[in-house]
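These are the residues of each chain, in order.
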Amino acid sequence: MQSASHITSDSTRLHLPWTTQRPHFMVQSPKFRQRKLPQRHLLLSNSLKTSYGYEFEGIGREEEPATALRLPVVVRRSGRASRYFWDGTHLRLAIRDFFIPHQVHGHYIDYVKWKFLHRVFSSALQVLGTQLCTTLALRGKRFSLGVGYSRSLPSAAALNWVLKDGLGRLSRCIYTASLASAFDTNLKRVRFSTSVLFTLSIGVELLTPAFPQNFLLLATVANIAKQISLACYLATGSAVHQSFAIADNLGEVSAKAQIQTVCFDNIGLMLAALLNILCKNSQRLQACLPFVVYPVFSTIDLFGIYQGLKHVHLQTLTKDRLEIILSTWIELGFIPSPAEVSKEEGMDFPWSRGRKSWPVRVGCVDPNDPIPKLSMLTMKSLKREDFCFICLETSIKGLTRNVQQGILVCLREGAGTTDIIMGLLQACHIRKALLLNKSRWEHLLELGDPIDSVVRDWFKVVEDSRRCLQEDVHLLKEEMSRSGWAVKNVLLNLQEQVRYSLLDD
């Protein structure tokens, strides 16, 4: 390995009281060390609390003396970090830059723990599924491809590639092209959904031995699902890694993530091999093994992904995150951290939306809106200096055709980040005012055609919200930047990127 870095000590001249027994008051527990460090940073003194810990220069992990005393001194050089420890005779350096990046946020360790659970069981499940299909193929199953006939082997192989791999890659291109903006605005939901799709694809592969005549169809469907999941994993990987980096060390975080993936996948491979060894005396049990472990392993796999994504705290601003920040700012007077917003945001599944009263939407006015008069009067009152306008809308949600009132923010061409923040801030102020008289406003809007008094009240609410903007907007961006948010841009999906323009006539 590497030569030991140590300082030899003559015990006759240097007598230390802890050479034979390490006193408890000198030991720093992991919790104590974390409590002294800033909450948002993870320094090298934190440990992964697994077998992947320190690599000792000159000695292996199993040769570390039981009485070794770790000293509170860390040396950084050439991109590596080492910590001094005293083994009773020599002063040595303990290196730990193999598995964990140097400068990452504190929640990175929790993410890696859940990633370990996810990768191990996912890898083991893939190995067992592939082994089942390969074993059945070697027993002489033809899978309706004519592979059993030597003269048809080249054409069958070409057909297999075109239908299975070719269609999978084509579906991957179509998927990434249609959901390009969703990888930024709905990262967690898209990533978890495609993870579920990937797990189901393994289940489809397990069905191929039961339906050998439909092997090509099942393999094509499974490969399409895997290609879509792979496209999402690659597209969202950099954003996930960036959320952990605190010193522009995205390359290092990505490199360590690859090391983790390889190590965890190899552990999953060994788990699959161990299960096969345990079942080697029974061919029947070995054939049924993938079907038995699939529901268990897939559940653990998806649970690990779900829990791991909870520890991904994105600092980029989207419409939903910005709405949570602004609502907290108005109600409680402070800017929530990315971790707090991440907890409230969750996975953002479609069925969890629309539960709020007066939800805010960014887009354009619907011509089929039941209250077009209010929208018309709002657009008629626009001025040149306005980069957005806000109006009310009524939408029909779900199969039950429930009517829901909401607030619409329309952005003008050329609207920048500040304009978007101001528009959503104004919408949140308006929502707060409407909620004070929720039943009255809902009753008035259900009438369809608002009367003059309703129009006057609406424009009064809008004017009051504009006065609040002058007090909030400048301080707001400074507080958001201090809380760790990237305030340069607001990421919007395709529907939210629609803009309007003013005509001269």
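Heads up: the structure comes first, above all this text.
Computed from a prediction, not measured in an experiment: that's the story for all the values here. One numbering rule holds for all chains: residues counted from 1, following each sequence as written. With pLDDT at 70 or above as the cut-off, local features in this predicted model cover only qualifying residues; side-chain atom pairs require 80 or more to be listed or tallied, and sums for whole chains, interfaces and linings still use all residues. Side-chain figures throughout are based on the complete set of non-hydrogen atoms in the structure, without hydrogens or water.

(A) Spatial organisation of the overall build of the protein chain. Secondary structure summary: the protein chain contains 14 helices and eleven strands in total. Counting only residues that meet the buried cut, the protein chain has 45% of its 505 residues in that class. Working rule for contacts: check all heavy atoms of both residues, and any pair within 4.5 Å makes them a contact. Nonlocal contacts in the protein chain, meaning residues at least 24 apart in sequence, comprise 74% of its contacts between residues at least 6 apart. Here a helix means four or more residues in a row that DSSP labels H or I, a strand means two or more in a row labelled E, and each is numbered from the N terminus. Each residue is placed in one exposure class: buried if its accessible area under a 1.4 Å probe, protein chains only, is under 20% of its type's maximum, exposed if it is over 50%, and partly exposed if it falls in between.

(B) Quick look at the environment of Arg 172. With respect to the helices, strands and loops of the structure, Arg 172 is situated in helix α3 (residues 153-178). Separated by 52 residues in sequence, Arg 172 and Ile 224 have C-alpha atoms that sit 7.2 Å apart. With near-sequence residues (within four places) excluded, Arg 172 lies in contact with Gln 227, Leu 230, Ala 231 and Leu 234.

(C) Examining the side chain of Thr 185 more closely. Assignment of secondary structure puts Thr 185 in helix α4 (residues 182-185). Its relative accessible area of 6% is what places Thr 185 among the buried residues. Among residues more than four places away in sequence, those in contact with Thr 185 are Thr 318, Arg 321, Leu 491, Leu 492 and Asn 493.

(D) View of the pattern of salt bridges. The salt bridge definition used is simple: a Lys or Arg side-chain nitrogen within 4 Å of an Asp or Glu carboxyl oxygen. Inspection of the entire model under this criterion finds twelve salt bridges. Note that Lys 319 is salt-bridged to Asp 320, the shortest N-O span being 3.5 Å. The class for Lys 319 is buried, based on a relative accessible area of 9%. On the basis of relative accessibility, which here comes to 25%, the residue Asp 320 falls in the partly exposed class. A cluster of three or more residues bridged by salt bridges with shared partners is formed by Lys 319, Asp 320, Glu 323 and Arg 431.

(E) How the structure looks around the side chain of Ser 201. If you trace the backbone, Ser 201 turns up in helix α5 (residues 187-207). Look past the residues within four positions of Ser 201 in its chain and what remains in contact with it is Ala 222, Ala 225 and Lys 226.

(F) Local environment of the environment of Ile 174. Here Ile 174 lies in helix α3. Relative accessible area serves as the criterion here: at 52%, Ile 174 is assigned to the exposed category. Taking the C-alpha atoms as reference points, Ile 174 and Ile 228, 54 residues apart in sequence, are found 9.2 Å from one another.

(G) Main features of the environment of His 429. In this fold, His 429 is placed in helix α12 (residues 417-436). Take His 429: its relative accessible area is 14%, and that puts it in the buried class. Each C-alpha atom, one on His 429 and one on Ser 465, is 5.6 Å from the other, the two residues being 36 residues apart in sequence.

(H) Structural context of the nonpolar core. Membership of the largest hydrophobic core comes to 43 residues, with the highest contact counts inside it found for Leu 392, Ile 407 and Met 480. Of all the elements in the fold, those that place two or more residues in this core are α9 (319-332), β7 (360-362), β8 (388-397), β9 (402-412), α12, α13 (438-446), α14 (452-482) and β10 (486-491). If you look at the next biggest cluster of nonpolar residues, it comprises 37 residues, including Leu 128, Phe 192, Ala 245 and Leu 309. Definition used in this section: a nonpolar core is a set of buried Ala, Val, Leu, Ile, Met, Phe, Trp, Tyr and Cys residues joined via side-chain atoms within 4.5 Å.

(I) Highlighting the packing of α5 against helix α8 (residues 283-310). Remark: α5 packs on α8, axes separated minimally by 11 Å, with the N-to-C direction vectors making an angle of 170 degrees. By the angle between their directions, the pair α5 and α8 is classed as roughly antiparallel. Contact residues: Lys 188, Arg 191, Phe 192, Ser 195, Val 196, Thr 199, Leu 200, Ile 202, Gly 203 and Leu 206 in α5; Pro 290, Phe 291, Tyr 294, Ser 298, Asp 301, Leu 302, Ile 305, Tyr 306, Leu 309 and Lys 310 in α8. Under the convention adopted here, Pro, Cys and the residues Ala, Val, Leu, Ile, Met, Phe, Trp and Tyr are nonpolar, Asp, Glu, Lys and Arg are charged, and Gly plus all remaining residues are polar. Residue classes in the contact of α5 with α8 are distributed as twelve nonpolar, four polar and four charged. All axes here are fitted lines through C-alpha atoms, helices being fitted over the stretch that makes contact, and every angle between N-to-C directions spans 0 to 180 degrees. Put simply, angles under 35 degrees are roughly parallel, angles over 145 are roughly antiparallel, angles from 65 to 115 are roughly perpendicular, and the rest are oblique.

(J) Structural view of the pairing of β9. The element β9 is largely enclosed, with a buried count of nine among its eleven residues. Should DSSP find at least two bridges between two strands, the strands are regarded as paired. Pairing of β7 with β9 involves three bridges; the strand directions are parallel. Considered in β9, the bridge of Arg 361 is made with Leu 408.

(K) Broad picture of the packing of aromatic side chains. Two rings from Phe, Tyr or Trp (for Trp, the six-membered ring) form a pair when their centres are within 6.5 Å of each other. A pair whose planes differ by under 30 degrees is stacked, one over 60 is edge-to-face, and the rest are tilted. Taken as a whole and assessed by the stated rule, the structure comprises nine aromatic pairs. Both rings, one in Tyr 175 and one in Phe 183, keep their centres 6.0 Å apart while their planes meet at 65 degrees; by these two values the pair is edge-to-face. The pair formed by Tyr 175 and Phe 183 is uniform in burial state, with each residue classed as buried. For the ring pair Phe 192 and Tyr 306, a centre distance of 5.5 Å and an interplane angle of 70 degrees mean the geometry is edge-to-face. With Phe 192 in helix α5 and Tyr 306 in helix α8, the pair connects residues that are 114 residues apart, well separated along the chain. Site record: aromatic cluster; members linked through ring pairs are Tyr 108, Tyr 111 and Phe 244. The residue whose ring lies beneath Arg 412 is Phe 387, and the NZ or CZ to ring-centre distance is 5.1 Å. The rule for a charge over a ring is simple: NZ of Lys or CZ of Arg within 6 Å of the ring centre, and within 35 degrees of the ring normal.

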